[in-house]
Amino acid sequence: MTAITRAENIGVRAIDVYFPSRYVDQAELEQYDGVSAGKYTIGLGQSKMAFCDDREDISSVCMTAVQGFMEKFNVSYSDIGRLEVGTETIIDKSKATKTVLMRLFEESGNFSVEGIDTTNACYGGTSALFNACQWMDSAAWDGRLALVVAGDIAVYASGNARPSGGCGVTCILIGPDAPLALEFPLRGTFMEHIYDFYKPNLSSEFPVVDGPLSVTSYVRAVDHAYSAYLDKLEKFGGVAGGASLKDIDYLVFHSPYTKQVVKGLARIAYNDFMRAPEAEAFAEVQQFKEVSREESYGNKVLEKAFINLNKADFAAKTEPSLLAARSIGNMYTGSVFFGLASLLSEVPFAQLEGKRVAMFSYGSGCAASMYSFRVRADTTAIAATIRLSERLDMRTKVSPAEFEKAMELREKTHNAQEYEPTGNVDELFPGTYYLQKIDSMWRRAYGRTPLN
């Protein structure tokens, strides 16, 4: 029996992203919706929002992401032993998106691929990542690589929540000796039962959202996951007591909209303050020592004070990760990984080398984790392959009226049977998979636009 050498430095070997070819400008959407200037651009912190019409569904966007990744990074399907998918965009209550992706493996003849879909709001991609890494770190590993696919089509009913939509999928190659090595066992997790965002109506793509509760749930999850992460850092990470944000070089957040990330990092500062209130760095916020944690969640004065206190850390540690989120919108399960791709794209390897990159993942309902990677090898080629800024600039801006028509079309044709989409295939990026038709048994057929 041949023994397999235990994998070391398991983590992200490569990452790529997919987003649709069209977007709507948030400032123009403000005017179209008749809301005050800055409601979306300042209040949410968003500049553009990606969207797709009836030509793309969760299977097609995931196929586009995976096939594009394999071609760009020259990875063989034969080398993949596990494929994990994280998504909350459901078009079938039984058949997993992962099984649709297996059509991409047909030519290779590799059908021995473990893994399946994981679903819980925006957290599924993180669970998929953990599953892949833990498989590789176990006696079950057979020496092959893993793919993690995370992404969604985020759409909302017409109204206040619609501008916080978006669309995007990430594809991540997991392997040993990775440039970004997952720091086992540095992980803090928090889960509880709460109805802040959920999708009980299976006949609709739209969620039910309790906005204020969702914001509070997010920051509560930051509190608990960050505290648990710091405890692990002190116990296993070689930090001799007093762990804090100073021990994290970059911090990437799940971004439903970027203003929430600003509040998230402010909450990190608040937690550091609660752990060491007499520290010199917190001289300006001593008036909040007697505020209970529960009271702090609704205290806007406290929130603003810690946002201001943390501006330098935000600019240095988190701002570089928001390029995609600000320009695409919410990608649900893919959001935090778009943040990682943005960080790799915006910060050169010379600055990333040897640094700790922490990730905060949140999914409503709720499930949250904070964990970290250590940058141990050159990331330059990854950034050059992603070409994030360049590809964002290649998109086509459409009017808010066209965007609304696309949303109406998606709503009208959701769960359609014997249907042929009407969206213009010529508007898609080269190499994009698209929906050709749905037959009388709801079976879906796909095509792909030419690569050139």
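For the structure, see preceding data.
Note that the structure is a prediction, hence the values are computed from the model and not measured. (Residues numbered from 1 in each chain as written. Predicted model: local features only at pLDDT ≥ 70, side-chain atom pairs only at ≥ 80, totals over all residues. Heavy atoms only, no water.)

A. Looking closely at the pattern of salt bridges. Using the criterion set out here, one finds 27 salt bridges in the structure. Between Glu114 and Arg82 there is a salt bridge, with its nearest N and O atoms 3.0 Å apart. Of this pair, Glu114 sits in the loop between helix H3 (97–101) and strand S5 (117–118) while Arg82 sits in strand S4 (residues 80–86); the two residues are 32 residues apart in sequence, bridging distant segments of the chain. A salt bridge links Glu278 to Lys289; the shortest N-O distance between them is 3.0 Å. Here Glu278, found in the loop between helix H6 (258–275) and helix H7 (293–296), pairs with Lys289, found in the loop between H6 and H7; they are 11 residues apart in sequence, far enough to count as distant. Overall, Lys289 belongs to the partly exposed group, its relative accessible area being 33%. A single network of salt bridges, built from pairs that share partners, joins Asp16, Lys72 and Arg391. (Salt bridge = Lys/Arg side-chain N within 4 Å of Asp/Glu carboxyl O. Helix = DSSP H or I, 4+ residues; strand = E, 2+ residues; numbered from the N terminus. Buried < 20%, exposed > 50% of the residue type's maximum accessible area, 1.4 Å probe, protein only.)

B. Expanded view of the nonpolar core. Counting 97 residues, the largest nonpolar core has Ile15 and Ile174 as its most contacted members. When residues of this core are assigned to their parent elements, the largest contribution, eight residues, is made by helix H2 (residues 58–72). When near neighbours in sequence (up to four residues on either side) are disregarded, Ile174 contacts Ile10, Gly11, Val12, Leu129, Ala132, Cys133, Met136, Leu145, Ala146 and Val148. Counting 31 residues, the second largest nonpolar core, distinct from the first, contains Leu186, Val219, Leu233 and Leu322. (Core = buried A, V, L, I, M, F, W, Y, C linked by side-chain atoms within 4.5 Å. Contact = heavy atoms within 4.5 Å.)

C. Region of interest: empty space enclosed by the protein. This model, assessed by the stated rule, comprises three cavities of 30 Å³ or more. Reported here for the largest cavity is a volume of approximately 180 Å³. In this structure, the largest cavity is lined by 15 residues; those nearest its centre are Asp57, Arg410, Thr413, His414 and Arg444. Of all elements in the fold, only helix H15 (400–413) and strand S15 (433–438) reach the threshold of two or more residues within the lining of the largest cavity. Here the residues of the lining of the largest cavity are counted per class, giving five nonpolar, three polar and seven charged. Here the second largest cavity defines a volume of roughly 60 Å³. The wall of the second largest cavity is formed by 14 residues, among which Phe51, Ala154, Val155, Gly166 and Met407 lie closest to the centre. Element by element, the count of residues in the lining of the second largest cavity is highest for strand S3 (residues 48–51), at three residues. Looking at the lining of the second largest cavity, its residues break down into 11 nonpolar, two polar and one charged. (1 Å grid on protein atoms, 1.4 Å probe; cavity = no way out; pocket = protein on both sides within 12 Å on 5 of 7 lines; lining within 4 Å. Points joined across faces, edges and corners; volume = space filled by probe spheres on them. Nonpolar A, V, L, I, M, F, W, Y, C, P; charged D, E, K, R; others polar.)

D. Summary view of the layout of surface pockets. Its volume calculated, the largest pocket comes out at about 800 Å³. What lines the largest pocket is a set of 37 residues, among which Gly211, Ser214, Val215, Tyr257 and Gln260 lie closest to the centre. Going through the elements one at a time, helix H5 (211–236), H6 and helix H8 (300–309) are the ones with two or more residues in the lining of the largest pocket. With seven residues, the top contributor of residues to the lining of the largest pocket is H5.

E. How the structure looks around the packing of helix H1 (residues 26–33) against H15. At a closest axis distance of 9 Å, the pairing of H1 and H15 adopts a crossing angle of 80°. In terms of their interaxial angle, H1 and H15 are classed as roughly perpendicular. Here H1 contributes Glu28, Leu29 and Tyr32 to the contact with H15, which in turn contributes Pro400, Ala401, Phe403 and Glu404. Counted by class, the contact of H1 with H15 contains five nonpolar, no polar and two charged residues. (Axes fitted to C-alpha atoms, helices over the stretch in contact; angles between N-to-C directions. Parallel < 35°, antiparallel > 145°, perpendicular 65-115°, else oblique.)

F. Examining the sheet that holds strand S14 (residues 396–398) more closely. An order of S3-S2-S14 is seen for the three strands of this open sheet, with the pairing classed as mixed. Where the open sheet ends on each side, the last strands, each with one partner, are S3 and S14. Going across the sheet, the axis of each strand differs from the next one's by a mean of 40°, ignoring polarity. In this sheet, S3 lies alongside strand S2 (residues 22–25) in antiparallel orientation, the contact comprising four bridges. Opposite Arg22, over in S3, you have Phe51 as the bridge partner. On top of the sheet, H15 reaches S2, S3 and S14; it is set at about 35° to S3, its chief contact. (Pairing = 2+ DSSP bridges.)

G. Spotlight on the packing of aromatic side chains. Applying the stated criterion across every chain, the model contains 17 aromatic pairs. Taking the centre distance of 5.4 Å and the plane angle of 75° together, the rings of Tyr218 and Phe360 count as edge-to-face. Taken as a pair, Tyr218 in helix H5 and Phe360 in strand S12 (residues 356–363) lie far apart in primary sequence, 142 residues in all. By relative accessible area, which is 2% here, Tyr218 ends up buried. The exposure class assigned to Phe360 is buried, which follows from its relative accessible area of 0%. Plain terms: the ring middles of Phe273 and Phe282 are 5.5 Å apart, the flat faces sit at 65° to each other, and that makes the pair edge-to-face. For the residue pair Phe273 and Phe282, the accessibility class agrees, reading buried in each case. Taken together, the ring pairs connect Tyr270, Phe273, Phe282, Phe288 and Phe306 into an aromatic cluster. (Phe/Tyr/Trp six-rings, centres within 6.5 Å; stacked < 30°, edge-to-face > 60°.)

H. Main features of unusual backbone geometry. Here the amide bond leading from Phe184 into Pro185 is cis, since omega sits at -5°, within 30 degrees of zero. Its place among the elements puts Pro185 in strand S8 (residues 180–191). The residue after Gly365, namely Cys366, is reached through a cis peptide bond having omega -5°. We note that Tyr332 has phi near 50°; this positive angle belongs to a residue other than glycine.

I. Main features of H1. Along H1, the positions that sit buried rather than exposed are Gln26, Leu29 and Glu30. Each buried residue of H1 lies within a common arc of 105° when the element is viewed along its axis, so the set occupies one face. The inward-facing, buried residues of H1 contact S2, S3 and H15. Its side-chain oxygen placed 3.0 Å from the backbone nitrogen of Ala27, Asp25 serves as the N-cap of H1. (Arc of directions from axis to C-beta. Polar contact = N/O pair within 3.5 Å; in protein donor to acceptor, adjacent residues only side chain to side chain.)

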